[in-house]
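Listed here are the chains, written in short residue letters.
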Amino acid sequence: MTRRLLAVLVPLVLAMALAPGAALALDPEQTVAPGASWFSGDLLQQTGENCSTAILGEPYTEVMVSGIASYGGVAGVPQVGQRYYTSFLISIPGNPCGSGSSAVATDLVLPPHTEVDTSAPIRCFGQPRNSNTFLELTGGSWSAFGGSGPYCPTAASPSAFQSGALSFGFRPLASGQLFEIFVPVKSTAPLVGIGASPADGFRWLTNATGVYANPGLSTVWANVLPASGGSGTTPFVYFTRPAATPFWKSDAPAAPADSNRVELFANLYSAGKAGTLCYEVDRISDGSKRADCSISPFNGTVAATSDPAQMLLQVKPNAAAVTGPNGGYAPFWFDKPTDPSQPLTGEWDQDMRITWTFTYNDNGVKQATKSADFHTLAGPDSDGDGVADVNDACPSTKGTLPNGCLPGVQTDPDGDGIFGGADLCPATDGQGALNGCPGGVVPVAPPAGAGGATGQPPGVLPVAPLSGRTGLARNALLKRSGLGKGLAVKVSCSRDATASLSLAISAKLARKLKLKVPRRAASVPVASGRGACRATGGGTVRITLSASARKRLVRAKGRLPAVLKLTLSTPGVPAATTSLSVRLA
């Protein structure tokens, strides 16, 4: 069995946090949580048509929107009941059609037992084009597409795009810009990352203009320990992103013999115990060991500590180490088969398994392990997209598809950055609306017979139903004192609409409170409010008690049952209503 692949080129170190990026006047992560640890997930990439070439007559596809999810914000692994953060960094590397910006809506699917911590603010930061300086955008606003709005929402609202997701706003981002949002969260029970099915993690989604398809998705797997005094005394190894990513290092010292590599990512929670961390790579087909840390200058020694911040360790290369394209540790290479007819004479194009093991003493020798499978490249990868040239249908283009290509160029007749069937108004500039219609409103179809056999003229599509909801949970508690002054209620809608809220109590309860009850009425309205709702970003309606109900309700005792009714209306579309049981406290 060959051992040349086992040569580790540089020593590995264990570190408390990710290596810092380029020097910035303002570091968002350090601004939100100084000295904290952060963990990054996988990369989101959405493709679209390069607008400048479309105008010149030679269009091509490029990555238009990119993003990466993270979590952390504490010194160590988050614990149950502790505030921590999930963040989402977005960039616009392409040149979007339409306004020259991508209108990007950001949604989040939370892991189980986790909610937004409303006692801390949501914060946002941006980096302008041709700048290396981040600026805080919390409280700032944008103006584009004939409208304006906040860069950073003050609260989450139900998503209009993904069921079960929360919306965290909508904003235009120009080519070359960066935007990062930080959301404070708390978990009420432990999270175990990929130890759960489906894996526990934060799933950030983008719905954007200028891209061929929505949504984009970036996931970071999350671990949360039991609260202090719980079972957080047991060490464990964990991953927050794919643990092993194969790549081709064309500039390796002995290329191409030592070019076929893999970059590694791993984390350890030591629980304060002393021990040793080591890895082993095995070929799955025959179980043979292909690499381990025992024959390399690998510094996997972990010291005992009582400091929770020192119990969290991340595997990362030192400054002189060979790293992968994503900054991972890449200490060895895989040998090419010496006999092409006998694949097992080498390691190319084969299934492998890496296992990380932390060995420690706790009333006897114990081990914590974690494994992940990967497949080595079948040969050179000239464009660096993770697809070997021999399998790459576009070997000179860094693709995003499994075949190594970018999606084919799609047409956008009205130039608003909405493509194909997603554009419900293909002959009209949608001005930033994600359905391609100005204001998100789809034109009304004429009566049957007015426009031919189908009853509608060419280019006009049927109207989709109007729908929406409030940001409240069933049986939510509404403070009567707040209703007296005006209580803000978040709403979401499938298209731009007027949102009306009405709060009513039963006629029986109204009589008990000595309120006037109309004859034969089953309920009595006691509060109402009206406001605007946008398809992208939703809206806020302030609901206030009527003068006749204010005095009676504020002085009433106990929790009173009520029904909150939301009515959405927009011209040419049937109104939509939804009701929710609440309690007045």
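These numbers were taken from a predicted model, which means no experiment stands behind them.

(A) Summary view of the side chain of Thr106. Mapped onto the elements of the fold, Thr106 is located in strand 5 (residues 101–109). You can call Thr106 buried: its relative accessible area is 0%. Of note is the side chain of Thr106, whose polar atom sits 2.9 Å from the side chain of Arg171. Among all residues touching Thr106, those that are not within four sequence positions of it are Phe88, Ile90, Leu166, Ser167, Phe168, Gly169, Arg171, Trp204 and Leu205.

(B) Up close: a positive patch on the surface. On the surface, Lys514, Lys551, Arg552 and Arg555 cluster together to form a positively charged patch. Counting through the fold element by element, Lys514 comes out in the loop between helix 4 (507–512) and strand 32 (523–533).

(C) How the structure looks around the environment of Gly147. With respect to the helices and strands, Gly147 occurs in strand 10 (residues 147–150). For the pair formed by Gly147 and Gly432, sequence separation is 285 residues and the distance between their alpha carbons is 9.6 Å.

(D) View of the state of the cysteines. Tallied over the full model, the rule gives five disulfides. Sulfur-sulfur distance for the disulfide between Cys124 and Cys152 comes to 2.2 Å. Linking Cys124 and Cys152, the disulfide has an S-S dihedral of approximately 75 degrees and is accordingly described as right-handed. Here Cys152 lies in the loop between strand 10 and strand 11 (157–158) and Cys124 lies in strand 7 (residues 123–127), a separation of 28 residues in the sequence.

(E) The confidence of the model for the protein chain, seen in detail. Per-residue pLDDT for the protein chain averages 84, and the proportion of residues at 70 or more is 89%. Low pLDDT, under 50, characterises residues 1–24; the predicted model gives this stretch 83 contacts beyond four residues in sequence or across chains. The low-confidence segment residues 447–463, where pLDDT is below 50, has 26 contacts with residues more than four positions distant or belonging to other chains.

(F) Spotlight on the sheet that holds strand 5. Judged by pairing direction, the sheet is antiparallel, and its five strands sit side by side in the order 11-12-5-15-16 without closing on themselves. Every interior strand has two partners, whereas the edge strands, strand 11 and strand 16 (216–221), have only one. As paired elements, strand 11 and strand 12 (residues 166–174) share two bridges and run antiparallel to each other. Bridging from a neighbouring strand, Ser157 pairs with Ser167 of strand 12.

(G) Region of interest: the packing of aromatic side chains. Using the criterion set out here, one finds 19 aromatic pairs in the structure. Between Tyr71 and Tyr84, the ring centres sit 6.2 Å apart and the planes meet at 75 degrees, which makes this aromatic pair edge-to-face. Of the two residues, Tyr71 sits in strand 3 (residues 61–74) while Tyr84 sits in strand 4 (residues 84–91), which places them 13 residues apart along the sequence. Neither Tyr71 nor Tyr84 differs from the other in exposure class; each is buried. A ring pair is formed by Trp142 and Phe170, whose centres lie 5.7 Å apart and whose planes are at 70 degrees; its orientation type is edge-to-face. With a gap of 28 residues between them, Trp142 in strand 9 (residues 141–144) and Phe170 in strand 12 connect regions that are remote in the sequence. The exposure classification of Trp142 matches that of Phe170, with both residues buried. Clustering of aromatic rings is evident, with ring pairs tying together Phe39, Tyr71, Tyr84, Phe202, Phe236, Tyr238 and Tyr269.

(H) Highlighting the pattern of salt bridges. Evaluation of the coordinates by the stated rule reveals nine salt bridges. For Glu136, the salt bridge is made with Arg123, and the minimal N-O distance between the two is 2.9 Å. With Glu136 in strand 8 (residues 135–136) and Arg123 in strand 7, the pair connects residues that are 13 residues apart, well separated along the chain. Among the ionic pairs, Asp286 bridges to Arg283, the shortest N-O distance being 3.2 Å.

(I) A look at the pairing of strand 23 (residues 289–292). Of the strand pairs in this sheet, strand 22 (residues 275–283) and strand 23 are connected by three bridges, and their pairing is antiparallel. If you follow Glu280 over to strand 23, its bridge partner there is Asp292. Linking two consecutive strands that pair antiparallel, namely strand 22 and strand 23, is a turn of five residues; a positive phi of about 70 degrees is found at Gly287 within it.

(J) A look at the pairing of strand 25 (residues 312–317). Counting buried positions over the six residues of strand 25 gives five, a clear majority of the element. The pairing of strand 21 (residues 267–269) with strand 25 spans three bridges and is classified as antiparallel. Across the sheet, residue Tyr269 finds its bridge partner in strand 25, namely Leu312.

(K) View of unusual backbone geometry. Residue Pro215 is reached from Asn214 by a cis peptide bond, and omega for that bond is -5 degrees. Note on placement: Pro215 falls in the loop between strand 15 (201–208) and strand 16. Residue Pro256 is reached from Ala255 by a cis peptide bond, and omega for that bond is 5 degrees. By the element assignment, Pro256 lies in the loop between strand 19 (244–248) and strand 20 (260–264). At Ala271, a residue that is not glycine, the phi angle is positive and equals roughly 55 degrees. If you trace the backbone, Ala271 turns up in the loop between strand 21 and strand 22. The phi angle at Lys514 is positive, at roughly 65 degrees, despite the residue not being glycine.

Conventions we followed
- Residues numbered from 1 in each chain as written.
- Predicted model: local features only at pLDDT ≥ 70, side-chain atom pairs only at ≥ 80, totals over all residues.
- Heavy atoms only, no water.
- Helix = DSSP H or I, 4+ residues; strand = E, 2+ residues; numbered from the N terminus.
- Buried < 20%, exposed > 50% of the residue type's maximum accessible area, 1.4 Å probe, protein only.
- Polar contact = N/O pair within 3.5 Å; in protein donor to acceptor, adjacent residues only side chain to side chain.
- Contact = heavy atoms within 4.5 Å.
- Patch = residues over 30% accessible without salt bridge, like charges linked within 9 Å, V, L, I, M, F, W, Y side chains within 5 Å.
- Areas by Shrake-Rupley, 256 points an atom, 1.4 Å probe, with all protein chains shown as cover.
- Salt bridge = Lys/Arg side-chain N within 4 Å of Asp/Glu carboxyl O.
- Lys, Arg positive; Asp, Glu negative; His and termini not counted.
- Charge placed at Lys NZ, Arg CZ, Asp CG, Glu CD.
- Disulfide = S-S within 2.5 Å.
- pLDDT = per-residue confidence, 0-100.
- Pairing = 2+ DSSP bridges.
- Phe/Tyr/Trp six-rings, centres within 6.5 Å; stacked < 30°, edge-to-face > 60°.

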